[in-house]
Amino acid sequence: MTSTVTAQQNSQKMDSFINTLMSKMTLEEKIGQLNLVTGGEATTGSTVSTGVEGKIKSGAIGGIFSMSTPQRIRAAQDLAVKQSRLGIPLIFGMDVIHGYKTIFPIPIGLASSWDMNLVRQTAQIAATEATADGINWTFSPMVDISRDPRWGRFSEGNGEDPYLSSKIAVEMVKGYQGNDLAANNTLMACVKHFALYGAAEAGRDYNTTDMSLHRMYNEYLPPYKAAIDAGAGSIMTSFNDINGVPATANKWLMTDLLRQQWGFQGMVVTDYTAINELIDHGLGDLQRVSALSLKAGVDMDMVGEGYLGTLKKSLEEGKVSQADIDRACRLVLEAKYKLGLFENPYKYCDVNRAKNNILTKAHLAKSREVAAKSFVLLKNDKQTLPFTKKGKIALVGPLANTGANMPGTWSVSADLEHTPSLLQGMKDVLGNKVAIQYALGTNLLDDPAYQERATMFGRTIPRDNRSEQELIAEAIKASEGADAIVAALGESSEMSGESSSRTEIGIPANQQRLLQALLKTGKPVVLVLFTGRPLTLTWENEHVPAILNVWFGGTETGKAVADVLFGDVNPSGKLPATFPKNVGQIPLYYNAKTTGRPLEQGKWFQKFRSNYLDVDNDPLYPFGYGLSYTAFQYNNLRLSTSKLQKQDKITVTVDVKNTGKYDGEEVVQLYIRDMVGSVTRPVKELKGFQKIAFKAGETKAVEFELTEEDLKFYNEKLEFVAEPGEFEVYVGTNSRDVLTSKFELQN
């Protein structure tokens, strides 16, 4: 009760302050608060803001992004506080996506840890470092569900599942914002991209999106809502259209759904020049689309300056109202108030924090730990791994000696010059215990122009102009006398990410030819796979003894890979997305719906059933899949009752035993299926998971609780309901390999 009263008092105090401030503001100053410009560092689009200093002084800028260091930010803040008429402070944002200077695994990799404590810790460390460098607003978390790995931004999200992504969204928001948004070591989160961006047609970035409301509410919207319910301070619009209306001009999305149905009270900002891009969407000229966006409920215009240049005229012509402008201005000012900027505009400008809180030993140690726990062991025939720390290892491949690519895409603040490569990281960990013989083996890609597109933003991998035969021969020579070969292959960091969609998502052909040559040596070959998306690895899975998917693990990738390859860490990552056998299976995801003509279980092909002529329906690796150096056995699945009464709960228990010789962690996963519904229901839905450590030989009884709330979904009328009837429960090591039981939800 006391906390509720305090919150009301704080809200009243904020309202009074902002009412007083807005009563003094001119129309131009109110519109100025809606203008977010770039400071010129690490820009994420083709437009760069101009005349920034003069606009700050005139009150024509509300915030700056892509500017860092306490010195630069203090200088800009000085202009706003000391030289503009009302001294309204600026807000400073940055794309702090998976770490600031200490970089953690790319989001799809972090999701593979299935460790919510670690997820929150990475966001806390990112907030600590970014705020020490003067930043108070991050454009993260990105929670777009995607089931099409051709989409480049698959790397930035949490995969295909709304339940897992929702859990991660909550932890990221809480990690960034902490318990006090006004503290100088917390960041305001910005949930993006609202909404449905991950469902872009053909997996092509910025493309149109089209889906039913039923799918929207049940499968794509939950992570956004979870982040908002967790208290996220801001939302970013997406580039795609929804029901024919682009998100940035979509009143149903930004006002009806976001504010009225979900009760969001924070600020909405566009993505980079998204208002201007409405012109190419065909919605009109800049004045018209700016008015449409404001009236839709969009508060801040990123970089495009459509609001700045047109809203006064639109107000005079009656195309927007004073209330529209006041609403947006108030929400921007409220964000600044909640960050404590009116109380102390310079609270994020402490040079001592910048010296002492960035790239600390503790942060780097956590980066190394998280990276190792994000890696997914996809194959390990005849216990090829772990290696012993002796003898010789051949390290081959275009990803073996490139530190700049280790942080992965969207690591705009990373110190690329001082990030160890895989080669250096292995040497640092192994010292003189293991001799490492390195060779490039092949270029990243056959096509030099393609390689240039795939290594932008300082992620260059120098090309070797020798013939492919010469490069492979050198790799074979480096492998002579080696006990095993580590092939560092896959994508460069910028082969995924924004504007990095691919139609072919296998390992590049030249890299595969190198891999074939290495296998012919007869030595054990381990594929260390770098990727920002699920890849098609059918041939590799058939022929390569061991495959370790390391995504892009961040600053300490090289050391973390060595930790896992040589057994200091037992891999425990699980896939947050399905890996298809070929591109033609896409979209392929575990929680699909059945058809009226389902393929019989265990069958490859049946005429007049839902299948293909040339490949079976099964994935290469299912959702939730990941091996360990040890083995886990599941037994004795049991339910506390077979009849679930409303307002009651069922306890689901399973015995899990570590049957191997290594200690290890296992992600125990619980799924359900609603057997009969008023609308079609998925064949499986994740409803619980626990990451648990087991000693070798240890057995633990793992418990989950299910309530009526876990069984709810949006029906045909978009009512959130649980319908009485039979449910199946599945518990196992992934979405495919499970034990099964049943219960009934009663009226």
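Residues numbered from 1 in each chain as written. Predicted model: local features only at pLDDT ≥ 70, side-chain atom pairs only at ≥ 80, totals over all residues. Heavy atoms only, no water.

## Structural notes on helix α17 (residues 422-430)
Listing the buried residues of α17 in full gives Leu422, Leu423, Gly425, Met426, Val429 and Leu430. Take α17 and look down its axis: the buried residues cluster within an arc of 165°, on one side only. Looking at the buried side of α17, the elements it contacts are α16 (361-374), β12 (392-396), β13 (435-439), β14 (484-490), β15 (525-530) and α22 (557-565). At the C-terminal side of α17, Gly431 shows a positive phi close to 55°. (Buried < 20%, exposed > 50% of the residue type's maximum accessible area, 1.4 Å probe, protein only. Helix = DSSP H or I, 4+ residues; strand = E, 2+ residues; numbered from the N terminus. Arc of directions from axis to C-beta. Contact = heavy atoms within 4.5 Å.)

## Points about the domain arrangement of the chain
What the domain assignment reports for the chain is domain 1 (49-354), domain 2 (376-566) and domain 3 (631-745). Each partner contributes to the roughly 2,000 Å² buried at the junction of domain 1 and domain 2, and carbon and sulfur atoms together form 58% of this total. Taking the shortest distance from any N to any O, the salt bridge between Glu498 and Arg153 comes out at 3.4 Å. In this structure, the connection of domain 1 to domain 2 is made through 19 residue pairs in polar contact (both at pLDDT 80 or more). Taken together, the residues of the side of domain 1 that touches domain 2 sort by class into 13 nonpolar, seven polar and seven charged. (Domains from an automatic or database assignment. Buried area = accessible area lost by both parts, 1.4 Å probe. Salt bridge = Lys/Arg side-chain N within 4 Å of Asp/Glu carboxyl O. Polar contact = N/O pair within 3.5 Å; in protein donor to acceptor, adjacent residues only side chain to side chain. Nonpolar A, V, L, I, M, F, W, Y, C, P; charged D, E, K, R; others polar.)

## A look at the environment of Ile507
With respect to the helices, strands and loops of the structure, Ile507 is situated in the loop between β14 and α20 (509-519). A C-alpha to C-alpha distance of 7.6 Å links Ile507 and Thr536, two positions 29 residues apart in sequence.

## Brief notes about the layout of surface pockets
Of the voids in this model, the largest pocket is the one considered here, and its volume is about 1,400 Å³. In this structure, the largest pocket is lined by 35 residues; those nearest its centre are Tyr590, Leu599, Asn617, Asp618 and Val683. Going through the elements one at a time, β25 (725-732) and β26 (738-745) are the ones with two or more residues in the lining of the largest pocket. By volume, the second largest pocket is sized at about 1,000 Å³. What lines the second largest pocket is a set of 29 residues, and nearest its centre among them are Asn10, Met14, Leu181, Glu334 and Lys338. Those elements that provide at least two residues to the lining of the second largest pocket are α1 (2-24), α7 (162-177) and α14 (322-338). Looking at which element gives the most residues to the lining of the second largest pocket, the answer is α1, with seven residues. Tallied by class, residues from the lining of the second largest pocket come to 12 nonpolar, 10 polar and seven charged. (1 Å grid on protein atoms, 1.4 Å probe; cavity = no way out; pocket = protein on both sides within 12 Å on 5 of 7 lines; lining within 4 Å. Points joined across faces, edges and corners; volume = space filled by probe spheres on them.)

## Remarks on the side chain of Ser413
Topologically, Ser413 is positioned in the loop between β12 and α17. With sequence-adjacent residues up to four places away left out, Ser413 is seen in contact with Met94, Tyr100 and Lys101.

## Here we look at the packing of aromatic side chains
Inspection of every chain in the model, using the stated rule, returns 25 aromatic pairs. Consider the rings of Tyr590 and Phe623, whose centres lie 4.5 Å apart with planes at 15°: the pair is stacked. Of the two residues, Tyr590 sits in the loop between α22 and β17 (632-639) while Phe623 sits in the loop between α22 and β17, which places them 33 residues apart along the sequence. Of the two residues, Tyr590 and Phe623, neither departs from the other in class, the shared state being buried. Seen from their ring centres, Tyr629 and Tyr662 are 6.2 Å apart, and the 55° between their planes marks the pair as tilted. Taken together, the residues Tyr629 in the loop between α22 and β17 and Tyr662 in the loop between β19 (649-658) and β20 (664-674) connect sequence positions 33 residues apart. Relative accessible area serves as the criterion here: at 27%, Tyr662 is assigned to the partly exposed category. (Phe/Tyr/Trp six-rings, centres within 6.5 Å; stacked < 30°, edge-to-face > 60°.)

## Thoughts on the pairing of strand β21 (residues 685-694)
Within β21, eight of the 10 residues are buried, which leaves it mostly tucked inside the rest of the structure. Pairing of β20 with β21 involves nine bridges; the strand directions are antiparallel. Note on β21: the bridge partner recorded for Leu670 is Gly688. (Pairing = 2+ DSSP bridges.)

## Comments concerning the pairing of β20
Of all 11 residues in β20, 10 are buried, a share of seventy percent or more. Taken together, the six bridges between β20 and β25 define a ladder with antiparallel strand orientation. By the bridge assignment, Leu670 is partnered in β25 with Val731.

## A word on the packing of α16 against α22
Here α16 crosses α22 at 50°, and the two axes come no closer than 8 Å. The pairing of α16 with α22 is recorded here as oblique in orientation. Once α16 is placed against α22, the crossing between them reads as right-handed. For the pair α16 and α22, contact is made by Arg368, Ala371 and Ala372 and by Lys559, Ala560, Asp563 and Val564, respectively. (Axes fitted to C-alpha atoms, helices over the stretch in contact; angles between N-to-C directions. Parallel < 35°, antiparallel > 145°, perpendicular 65-115°, else oblique. Left-handed = near helix turned anticlockwise from the far one by under 90°.)

## A closer look at the nonpolar core
Core analysis: the biggest nonpolar cluster contains 117 residues, and Ile64, Trp137, Phe194, Leu221, Leu258 and Met302 have the highest contact counts within it. Sort the elements by how many residues they give to this core and helix α6 (residues 116-132) lands first, with nine residues. Inspection of this core shows a minimum of three residues originating in each of domain 1 (49-354) and domain 3 (631-745). Sequence-distant contacts of Met302, that is, excluding residues within four places in its chain, are made with Leu36, Phe65, Phe139, Met236, Val269, Thr270, Asp271, Tyr272 and Thr273. One finds Leu399, Leu422, Trp551 and Ala577 within the second-largest nonpolar core, a separate group that totals 76 residues. (Core = buried A, V, L, I, M, F, W, Y, C linked by side-chain atoms within 4.5 Å.)

## Here we look at the environment of Tyr438
On the secondary structure map, Tyr438 appears in strand β13. Between the alpha carbons of Tyr438 and Glu600 there is a distance of 49 Å; along the sequence they are 162 residues apart. Filtering out sequence-adjacent residues up to four positions away, Tyr438 remains in contact with Leu395, Gly397, Ala400, Asn401, Leu423 and Ala478.

## Structural notes on the sheet that holds strand β6 (residues 234-237)
If you walk across this open sheet you meet the three strands as β5-β6-β9, and the pairing is parallel. The sheet terminates laterally at β5 (190-194) and β9 (267-269), the two strands that pair on one side only. Looking at each pair of strands side by side, their axes are set apart by 25° on average, direction ignored. Two strands pair when backbone bridges link them, and β5 and β6 are joined in this way by three bridges, in the parallel orientation. Bridge pairing in β6 links Phe194 to Thr237. Running at roughly 135° to β5, helix α10 (residues 251-261) makes contact with β5, β6 and β9 of the sheet.

## With respect to the sheet that holds strand β4 (residues 137-138)
Sheets are built from strands paired through backbone hydrogen bonds, the pairs being either parallel or antiparallel. Across the sheet, which stays open at both edges, the five strands sit in the order β4-β3-β2-β1-β10 with parallel pairing between neighbours. Both outer strands of the open sheet, β4 and β10 (301-302), are each paired with one neighbouring strand and no more. Where strand β3 (residues 91-94) and β4 come together, two bridges link them in parallel fashion. Residue Gly93 lies in a different strand from β4, and its bridge partner there is Trp137.

## Considerations on unusual backbone geometry
His193 follows Lys192 through a cis peptide bond whose omega is -10°. Its location among the elements puts His193 in strand β5. Look at the link from Phe194 to Ala195: it is a cis peptide, with omega at 5°. Its place among the elements puts Ala195 in the loop between β5 and α8 (213-220). The backbone of Trp410 shows a phi angle near 55°, a positive value even though the residue is not glycine. The backbone phi angle of Trp551 is positive, close to 50°, even though this residue is not glycine. As for its position among the elements, Trp551 is in the loop between β16 (546-549) and α22. Classification of Trp551 as buried rests on a relative accessible area of 0%.

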